[in-house]
Amino acid sequence: MSRLVTAPNRAREYETIYILKPDVDADTAERVGSRLSDVIGREQGRLTKVENWGRRRLAYDIRKHRRGVYIYLKYLGTGRVVSELERNLRLMDGVIKYQTVLVRNDVEVAGIAIAEEDVKFERVELPPIEEERDESRERQLGLIEPERRQERTSEAPASGEFDDLEGEADMTGTEEEGG
């Protein structure tokens, strides 16, 4: 650690992204947000930005979930803030994954202007989850043509109707061509 980091009015800037279960209700998401805000304040950290990125597809299945609700946090603090924040994220049932990144090592706390609406946790209101079709890996890569439904209509000819049409050439090639 350098001296500037431990100097008064200096802190580190961190970003944490955590992913909630895709079927999370608004109250649970709000409880998680308020608890994290309390942890940052209790550990002498300072929340600078909160963004709700909504429900997105995960890169890979996590605990049998294909989607998750992404929340982005940006805050100032020390290593204690990060360790306590991650400990709380581990303990919450609604959180399926999280990651914290150090953005800047030496930030002057007094020089950061924070707008009130930037640090407010938005209420998570999501539409119901639509069921996804399980697709094979070959179909996802485009190696197999997607299945197409054939629509049946009442105008479809019977199977023997094509045989009696006039002007049809015999497919066996026994007819002689006139010249």
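Position numbers for residues start from 1 in each chain and track the written sequence from start to end. Local features in a predicted model are, by the rule used here, given only for residues with pLDDT of at least 70; side-chain atom pairs are given and counted only at 80 or more, and totals for whole chains, interfaces and linings are based on all residues. Processing note: side-chain calculations cover all non-hydrogen atoms of the structure and skip hydrogens and water entirely.

Considerations on the layout of surface pockets
Gaps between atoms show up when a probe of the same size as a water molecule is rolled over them.
Stage number 1. Only protein atoms enter the 1 Å grid used here. Points where a 1.4 Å probe fits but cannot escape make up a cavity, open sets with protein on both sides within 12 Å along at least five of seven lines make up a pocket, and a residue lines them when an atom lies within 4 Å of a point. Grid points are joined across faces, edges and corners, and a volume is the space filled by probe spheres set on the points. The volume enclosed by the second largest pocket comes to roughly 200 Å³.
Stage number 2. In terms of lining residues, the second largest pocket is bounded by 13 residues, among which Ile17, Ile19, Tyr70, Lys97 and Gln99 are the most central.
Stage number 3. Helix and strand assignments follow DSSP, with helices taken as H or I runs no shorter than four residues and strands as E runs no shorter than two, numbered in order from the N terminus. Looking at the lining of the second largest pocket, the elements that each hand over two or more residues are β1 (10–20), β2 (46–62), β3 (65–77) and β4 (95–108).

Regarding the pattern of salt bridges
Stage number 1. What makes a salt bridge here is a side-chain nitrogen of Lys or Arg within 4 Å of a carboxyl oxygen of Asp or Glu, nothing more. In this structure the tally under the stated criterion is 7 salt bridges.
Stage number 2. In this structure, the salt-bridge partner of glutamate 13 is arginine 104, at a minimum N-O distance of 2.7 Å. Taken as a pair, glutamate 13 in strand β1 and arginine 104 in strand β4 lie far apart in primary sequence, 91 residues in all.
Stage number 3. Each residue gets one of three labels from its accessible area relative to the maximum for its type: buried under 20%, exposed over 50%, partly exposed in between, using a 1.4 Å probe on protein chains only. Residue class for glutamate 13 comes out buried when judged on its relative accessible area of 6%.
Stage number 4. A salt bridge links arginine 42 to glutamate 84, with the shortest nitrogen-to-oxygen separation between them at 3.4 Å. Linking arginine 42 in helix α2 (residues 26–42) with glutamate 84 in helix α3 (residues 79–91), this pair joins segments that are 42 residues apart in sequence.
Stage number 5. Counted as one network, the salt bridges with shared partners bring together Glu13, Lys74 and Arg104.

Remarks on the side chain of threonine 48
Stage number 1. Residue position: threonine 48 is located in strand β2.
Stage number 2. Among all residues touching threonine 48, those that are not within four sequence positions of it are Lys74, Tyr75, Leu76, Ile112, Ile114, Asp118 and Val119. Whether two residues are in contact is decided by their heavy atoms: any pair within 4.5 Å suffices.

Examining the packing of aromatic side chains
Stage number 1. Pairing of aromatic rings covers Phe, Tyr and Trp, the last counted by its six-membered ring, and requires centre-to-centre distances within 6.5 Å; plane angles under 30 degrees mean stacked, over 60 mean edge-to-face, and any other angle means tilted. A full pass over the atoms with the stated rule returns 2 aromatic pairs.
Stage number 2. Ring geometry for tryptophan 53 against tyrosine 72: centres 5.4 Å apart, planes inclined by 10 degrees, an arrangement best described as stacked. Of this pair, tryptophan 53 sits in strand β2 while tyrosine 72 sits in strand β3, and the two are 19 residues apart along the sequence.

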